[in-house]
Amino acid sequence: MAYVIVPRHERTQPLRIVPGYPQTPWRNPKQPLIRRPPTLSELTGPSEVAKRVKLLGGDIAGHGEAQAIGQLMHLKLRVVDEDGTPVGGTVVEIWQANGAGRYIHPNDDEHAPVDRNFYGAARLLTDERGLLELRTVKPGAYPVPTKDGWWRPPHIHFSIFGKVWLSRLVTQMYFPGEPLNGQDRILNAVPDTAARARLVARLVPPTGDPANALVFEHQIVLRGRKATPSQP
Amino acid sequence: MKKRKAVRRRLIPSGEATIGPFFPPRYVDAGANDLSQLEDRKADGEVIEIAGTVRQEDGTPLDNLVVEIWQADANGIYRHVADPRHREADTKFFGWGRAATDKEGRYAFRTIRPGAPEGRARHVNVMLMFSGLMRILKTTMFFPGEQANEADPVYRAVPKARRKLLVAREEALGRYRFDLKLRGAHETPFFDD
Ligand SMILES: [Fe+3]
């Protein structure tokens, strides 16, 4: 089935050069970006990425006695396309800070403690309903090394492949009611209020299994919809 | 009587965000930059190397930037259902790869020379993800000395003066260099689809 990708509304996508985000003016094109006619090349893409990369389990909050420190949470993520059709069997790469705001990464060696029982990364496949579940702890906020006291609110990073090359997405998910959300330069780089709101997960009643975990639901919409058969 | 059109709900694509400075190094799997084989079987076609450096406006090489490529097989067929010829695609060629730049800003892929897909010159699709890139940057690499470049619709979409920046240089037989400059002098043309 052919897939169609149309340009997005600019206001639903982040500015490329972000005030107060000092790397952005050095790294984003000065020349106008070029519109090109979509060809088969952009409307195809890697469809079984799990053949080339290793999947990693969706329970990153520790096991048995060795539990990660922080607020245990379950994330129910749903991946759909612009038709609302579930995108099943696609690879989702997830990474986040631990409960204290520290990543497992050589670039993060500054401030917060390491948690040996926290794994920090999961690489999963969506099921045929476009769903996946992650058992984790709620990530902590962390400071960005700028001079003026910018802190990132709690957030989880995602990299998703989707059906075609142009549906590839890198995004972040935020938590409802966080005081730092209002000042975050990355979240607020998206001009449209409703588009920003869609980056925030929803807290839902706990399912009771396990009873001690907060449950969040989040939907990610990838670019692309099925081609409408032409009308007479 | 009025014709009734089926109303299809259209959802709005999620907002992009930077990959940030902490993309897990383990996500750049060993061998993910080698497209010349799949599950230990050698792909059809001529093995080539594509390498280059990624720099920001002031010329600083960028470390730990993620580069991904997508290309057709030796016969110009994509391993994807939307390609009408996908049943004939080389089963030993996956078409996708990922690399990360080192401290000198260098990336490298081993792959096979793509065939020309229907209506296109032979090319490799490239995307870049990095801290400070709020959106994925997308470009296309073309091969030098190809007459078909001039007729390629994506190549032609680029202003004439900038087209040569999309053409790799052949440094040695089968060794291509494709440097990327994110901003400023010799800025790589990037696409907005
Ligand atoms: Fe982060």
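What counts and what doesn't
Residues numbered from 1 in each chain as written. Chains lettered and ligands numbered in written order. Predicted model: local features only at pLDDT ≥ 70, side-chain atom pairs only at ≥ 80, totals over all residues. Heavy atoms only, no water. Helix = DSSP H or I, 4+ residues; strand = E, 2+ residues; numbered from the N terminus. Buried < 20%, exposed > 50% of the residue type's maximum accessible area, 1.4 Å probe, protein only. Contact = heavy atoms within 4.5 Å. Areas by Shrake-Rupley, 256 points an atom, 1.4 Å probe, with all protein chains shown as cover. Lys, Arg positive; Asp, Glu negative; His and termini not counted. Charge placed at Lys NZ, Arg CZ, Asp CG, Glu CD. Core = buried A, V, L, I, M, F, W, Y, C linked by side-chain atoms within 4.5 Å. Buried area = accessible area lost by both parts, 1.4 Å probe. Nonpolar A, V, L, I, M, F, W, Y, C, P; charged D, E, K, R; others polar. pLDDT = per-residue confidence, 0-100. Donors = N, O, S within 2.8 Å, 3.2 Å for Na, K, Ca; no water. Tetrahedral: all angles 85-135°; square planar, octahedral: opposite > 155°, others 65-115°. Polar contact = N/O pair within 3.5 Å; in protein donor to acceptor, adjacent residues only side chain to side chain. Phe/Tyr/Trp six-rings, centres within 6.5 Å; stacked < 30°, edge-to-face > 60°. Lys NZ or Arg CZ within 6 Å of the ring centre and 35° of its normal.

**Describing the overall build of chain B**
Here is step 1: Within chain B, the secondary structure is distributed over one helix and 11 strands.
Here is step 2: Taken from N to C terminus, the helices and strands of chain B fall in the order β-β-β-β-β-β-β-β-α-β-β-β.
Here is step 3: C-alpha atoms of chain B, sized along the principal axes, occupy 70 × 40 × 40 Å.
Here is step 4: In chain B, buried positions account for 57% of the 193 residues.
Here is step 5: For chain B, the share of sequence-separated contacts (at least 6 apart) that also reach a separation of at least 24 residues comes to 69%.
Here is step 6: In the form shown here, chain B has an accessible surface area of approximately 8,700 Å², with 49% of it arising from carbon and sulfur atoms.
Here is step 7: If you average the places of the 34 positive and of the 28 negative side-chain charges in chain B, the two averages end up 8 Å apart.

**A look at the environment of Ile136 of chain B**
Here is step 1: Relative to the helices and strands, Ile136 of chain B is located in the loop between strand 7 (123-129) and strand 8 (137-142).
Here is step 2: In this structure Ile136 of chain B comes out as buried when scored by relative accessible area, which is 8%.
Here is step 3: The spatial distance from the C-alpha of Ile136 of chain B to the C-alpha of Val154 of chain B is 18 Å, given a sequence separation of 18 residues.
Here is step 4: Each residue touching Ile136 of chain B, except ones within four places of it in the same chain, is listed here: Arg168, Leu169 and Val170 of chain A together with Glu16, Met127, Leu128 and Met129 of chain B.

**A short note on the nonpolar core**
Here is step 1: Of all hydrophobic cores here, the largest spans 31 residues; its most connected members are Ile19, Trp96 and Met129 of chain B.
Here is step 2: At the level of elements, strand 5 (91-96) of chain A together with strand 4 (66-70) and strand 7 of chain B are the ones that each hand at least two residues to this core.
Here is step 3: Setting aside residues up to four positions removed in sequence, Ile19 of chain B forms contacts with Trp95, His157 and Val170 of chain A together with Val66, Met129, Phe130, Ser131 and Leu133 of chain B.

**Some points on the interface of chain B and chain A**
Here is step 1: Every contact between the two is made by 74 residues of chain B and, on the other side, 83 residues of chain A.
Here is step 2: When chain B packs against chain A, the two sides together hide about 7,500 Å² of surface, and 55% of this comes from carbon and sulfur.
Here is step 3: Contact with chain A buries area across many residues of chain B, yet Phe22, Arg135 and Asp193 of chain B alone supply 11% of it, more than any other trio.
Here is step 4: Counting residues per element, the side of chain B that touches chain A draws most heavily on strand 7 of chain B, which supplies five residues.
Here is step 5: Among the residues forming the side of chain B that touches chain A, the class breakdown is 39 nonpolar, 13 polar and 22 charged.

**As for the confidence of the model for chain B**
Here is step 1: For chain B, the average pLDDT comes to 95, and 96% of its residues sit at 70 or higher.
Here is step 2: In the predicted complex, the global pTM is 0.96; the interface-specific ipTM is 0.95.

**Looking at the coordination of the iron ion**
Tetrahedral coordination by four donors puts the ideal angle at the metal at 109.5 degrees, and octahedral coordination by six puts it at 90 or 180 degrees.
Residue and element names in this part refer to chain A.
Here is step 1: Donor atoms from the polypeptide that bind the iron ion are Tyr103 (OH), Tyr142 (OH), His155 (NE2) and His157 (NE2), placed at 2.0 to 2.2 Å.
Here is step 2: Classification of the site at the iron ion rests on its four donor atoms, whose angles at the metal span 89 to 161°, yielding the label irregular.
Here is step 3: For the iron ion, all donor residues lie on one chain, and their spacing in sequence is Y-x38-Y-x12-H-x1-H. Of this pair, Tyr103 sits in the loop between strand 5 and strand 6 (121-125) while Tyr142 sits in strand 8 (residues 142-143); the two residues are 39 residues apart in sequence, bridging distant segments of the chain. Each of the two residues, Tyr103 as well as Tyr142, counts as buried.

**Remarks on the side chain of Gln172 of chain A**
Here is step 1: By the element assignment, Gln172 of chain A lies in strand 11 (residues 169-174).
Here is step 2: Overall, the relative accessible area of 1% leaves Gln172 of chain A in the buried class.
Here is step 3: There is a polar contact of 3.1 Å between the side chain of Gln172 of chain A and the backbone oxygen of Thr18 of chain B.
Here is step 4: If near-sequence neighbours (up to four positions away) are discounted, Gln172 of chain A is found in contact with Arg152, His155, Ile156, His157, Ile186 and Leu199 of chain A together with Ala17 and Thr18 of chain B.

**Focus on the packing of aromatic side chains**
Here is step 1: Going through the model one piece at a time under the given rule, you end up with 13 aromatic pairs over all chains.
Here is step 2: Ring centres of Phe23 of chain B and Tyr27 of chain B lie 5.5 Å apart, and the angle between their planes is 65°; this geometry places the pair in the edge-to-face category. The burial state of Phe23 of chain B is the same as that of Tyr27 of chain B; both residues are buried.
Here is step 3: When the centroid spacing of 5.0 Å and the interplanar angle of 85° are considered together, the rings of Phe143 of chain B and Tyr176 of chain B count as edge-to-face. In this pair, Phe143 of chain B sits in the loop between strand 8 and helix 1 (153-157) while Tyr176 of chain B sits in strand 10 (residues 175-177), placing the two residues 33 residues apart along the sequence. Each member of the pair Phe143 of chain B and Tyr176 of chain B is classed as buried.
Here is step 4: Of the aromatic side chains, those joined through ring pairs into one cluster are Trp95 of chain A together with Phe23 and Tyr27 of chain B.
Here is step 5: A cation over an aromatic ring shows up here: Lys138 of chain A above the ring of Phe175 of chain A, its NZ or CZ 5.4 Å from the ring centre.

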